[in-house]
Amino acid sequence: MAGLVRAVGIAALLSLLGLSGCADPPWTMAQSPKAIDLRWYPDLTSGAAADQVAQLHCAHAGRRAVLASNRRDGSVETATWRCE
């Protein structure tokens, strides 16, 4: 019985890890009602898609997203939007 419980626990953990890796980019690195930080691979995801995520985030507070900073480091792009 203990082996079965352990196997089920391991399967559940692997399942959760698999789901977290399936999230579509851009990925949220930090968020608050005042801002959102996103990360994505520009070869796979457009800056417009990242901006749309930021706009949706800020719209929840009745605001619009304004790009505050943008940085590309190798194959990764990160940006911060302020909700104004």
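Scoring rules and cut-offs
Residues numbered from 1 in each chain as written. Predicted model: local features only at pLDDT ≥ 70, side-chain atom pairs only at ≥ 80, totals over all residues. Heavy atoms only, no water. Pairing = 2+ DSSP bridges. Helix = DSSP H or I, 4+ residues; strand = E, 2+ residues; numbered from the N terminus. Axes fitted to C-alpha atoms, helices over the stretch in contact; angles between N-to-C directions. Contact = heavy atoms within 4.5 Å. Salt bridge = Lys/Arg side-chain N within 4 Å of Asp/Glu carboxyl O. Buried < 20%, exposed > 50% of the residue type's maximum accessible area, 1.4 Å probe, protein only. Phe/Tyr/Trp six-rings, centres within 6.5 Å; stacked < 30°, edge-to-face > 60°. Core = buried A, V, L, I, M, F, W, Y, C linked by side-chain atoms within 4.5 Å.

Time to look at the sheet that holds strand β2 (residues 35-40). The strand order across the open sheet formed by four strands is β1-β2-β4-β3, and the pairing between neighbours is antiparallel. With one partner strand each, in any of the chains shown, β1 (27-32) and β3 (65-73) form the two edges of the open sheet. The average angle at which neighbouring strand axes cross in this sheet is 15 degrees, direction not considered. Where β2 lies against strand β4 (residues 76-83), six bridges are found, and the strand directions are antiparallel. Looking at the pairing, I36 lines up with W81 of β4. Along the sheet face, helix α2 (residues 47-59) touches β1, β2, β3 and β4 and points at about 155 degrees away from the line of β2.

This paragraph deals with the pattern of salt bridges. By the definition in use, this model includes two salt bridges. Taking the shortest distance from any N to any O, the salt bridge between R72 and D43 comes out at 3.8 Å. Note that R72 is positioned in strand β3 and D43 in the loop between β2 and α2, a separation of 29 residues in sequence. Take R72: its relative accessible area is 48%, and that puts it in the partly exposed class. Put simply, E84 and R82 hold a salt bridge, and the shortest N to O gap is 2.7 Å. A residue is classified by how much of its surface remains accessible, and R82, at 38% relative accessible area, is partly exposed.

All told, the structure shown has two aromatic pairs when counted by the stated rule. Aromatic pair W27 and Y41: ring centres 5.7 Å apart, planes at 80 degrees, arrangement edge-to-face. Taken together, the positions of W27 in strand β1 and Y41 in the loop between β2 and α2 put the pair 14 residues apart, joining distant regions of the chain. You can call Y41 partly exposed: its relative accessible area is 29%. When the centroid spacing of 6.2 Å and the interplanar angle of 35 degrees are considered together, the rings of W40 and W81 count as tilted. Remark: W81 occurs in strand β4 and W40 occurs in strand β2; sequence separation between them is 41 residues.

Now for the nonpolar core. Formed by I36, L38, W40, A50, A54, C58, A65, A79, W81 and C83, the largest nonpolar core amounts to 10 residues. Put simply, the parts of the chain that give this core at least two residues each are β2, α2 and β4. Discounting residues that sit within four places of it in the chain, I36 has contacts with T28, A30, Q31, A54, H57, A79, T80 and W81.

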